[in-house]
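Below are the chains, spelled out letter by letter.
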Amino acid sequence: MRTLIILILYIIIAVLSIPMYLVEFIISKINDKAAARLAQTIVRIVFTVVLFLSGCKKTIIGRERIPADTPVLYAANHRSFYDIILAYSTVPNQTAFISKIEIKKMPCVAQWMYFLHCQFMERGNVKQNMTIILNAISLIKDGYSIYIAPEGTRNATDELLPFKEGSMKIALKSKCPIVPVCIHGTEKIFENHLPWIHGGKIRIEYGTPVYPDQLDKQEQKHIGAYMQNIISDMYHSALISEDSHS
């Protein structure tokens, strides 16, 4: 039943989005940042409704740790399609996501991501990936935060995949703080029951920001592994917490 409800909602949103595309386009020509803010407000509301209708009971930890006066690079583990829904419904600042290029094929979703200045990365295309990283650096310098999943693909095991060091260049070059993000439980909503949606508890935790310029040279050189260790510790703490409450 939840799957059918979400499918109907998707169709309704896709239809209602058509006139909004024109509104967004007009506003973007006048004030690009205002258009992005409006787009994120709409997406946040829709994704909050999606989580509710999907039966998700979300726990948000550490949002107060996110710096309010500067853009950041969010570095998160990646477990489910629902990660982006959970993250966009909780991030407090203007944020553009870096996503796999396949998302561009999704009607409605891809268009709203375009308004949000999201970037689409093609696996294995080194030149294109470098362009995306440079775009992300420019966005941070323009006041946008960037959200990336450095594992590079969804991972439903309890051990994180190695973080791609190249993605961390966004923070190193822009000199922005990195906020570690730990997501837990989202794979139980959808991927574990494909194609059906099941309700359940999900959790997102924002960790203490890491300032790359305060790390020593060796830590900067392997900052992907450094961040992976932090988020891995956060994830296993979430597992322990889950076990203690079950």
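Residues numbered from 1 in each chain as written. Predicted model: local features only at pLDDT ≥ 70, side-chain atom pairs only at ≥ 80, totals over all residues. Heavy atoms only, no water.

## A look at a positive patch on the surface
Here is step 1 of the chain: Side chains of Lys-141, Lys-169, Lys-173 and Lys-175 sit close together on the surface and give a patch of like positive charge.
Here is step 2 of the chain: Note that Lys-175 resides in the loop between α6 (169-174) and β6 (178-184).
Here is step 3 of the chain: Residue class for Lys-175 comes out exposed when judged on its relative accessible area of 68%. (Patch = residues over 30% accessible without salt bridge, like charges linked within 9 Å, V, L, I, M, F, W, Y side chains within 5 Å. Areas by Shrake-Rupley, 256 points an atom, 1.4 Å probe, with all protein chains shown as cover. Salt bridge = Lys/Arg side-chain N within 4 Å of Asp/Glu carboxyl O. Lys, Arg positive; Asp, Glu negative; His and termini not counted. Charge placed at Lys NZ, Arg CZ, Asp CG, Glu CD. Helix = DSSP H or I, 4+ residues; strand = E, 2+ residues; numbered from the N terminus. Buried < 20%, exposed > 50% of the residue type's maximum accessible area, 1.4 Å probe, protein only.)

## Brief notes about helix α5 (residues 126-141)
Here is step 1 of the chain: The end-to-end C-alpha distance of α5, which contains 16 residues, comes to 23 Å, matching closely the 22 Å that a straight helix rising 1.5 Å per residue would cover.
Here is step 2 of the chain: By the burial criterion, the buried members of α5 are Gln-128, Asn-129, Ile-132, Ile-133, Ala-136, Ile-137, Leu-139 and Ile-140.
Here is step 3 of the chain: Summarising the contacts, the buried residues of α5 are in contact with β3 (95-100), β4 (119-121), β5 (145-148) and α6.
Here is step 4 of the chain: Positive backbone phi, at 105 degrees, marks Gly-143, one or two positions downstream of α5. (Expected span 1.5 Å × (residues − 1). Contact = heavy atoms within 4.5 Å.)

## Quick word on the packing of aromatic side chains
The geometry of two aromatic rings is summed up by the distance between their centres and the angle between their planes.
Here is step 1 of the chain: Overall, the coordinates contain nine aromatic pairs when judged by the stated rule.
Here is step 2 of the chain: Summarising the aromatic geometry, the rings of Tyr-74 and Tyr-147 are spaced 6.1 Å apart at their centres and angled 40 degrees between planes, so their arrangement reads as tilted. With Tyr-74 in strand β2 (residues 73-76) and Tyr-147 in strand β5, the pair connects residues that are 73 residues apart, well separated along the chain.
Here is step 3 of the chain: Assessed through its relative accessible area of 5%, Tyr-147 is described here as buried. (Phe/Tyr/Trp six-rings, centres within 6.5 Å; stacked < 30°, edge-to-face > 60°.)

## Here's the deal with the packing of helix α1 (residues 2-30) against helix α2 (residues 32-53)
Between two packed helices, both the angle of their axes relative to each other and the distance between the axes serve to describe the pair.
Here is step 1 of the chain: For the pair α1 and α2, interaxial distance at closest approach is 10 Å and the crossing angle is 170 degrees. Here α1 is positioned roughly antiparallel relative to α2, judged by the angle of their axes. Only Asp-32, Ala-34, Ala-35, Ala-36, Leu-38, Ala-39, Ile-42, Val-46, Val-49, Val-50 and Leu-53 of α2 make contact with α1, whose side of the interface consists of Arg-2, Ile-5, Ile-6, Leu-9, Ile-13, Met-20, Val-23, Glu-24, Ile-27, Ser-28 and Ile-30.
Here is step 2 of the chain: Each residue belonging to the contact of α1 with α2 can be placed in one class, and the counts come to 18 nonpolar, one polar and three charged. (Axes fitted to C-alpha atoms, helices over the stretch in contact; angles between N-to-C directions. Parallel < 35°, antiparallel > 145°, perpendicular 65-115°, else oblique. Nonpolar A, V, L, I, M, F, W, Y, C, P; charged D, E, K, R; others polar.)

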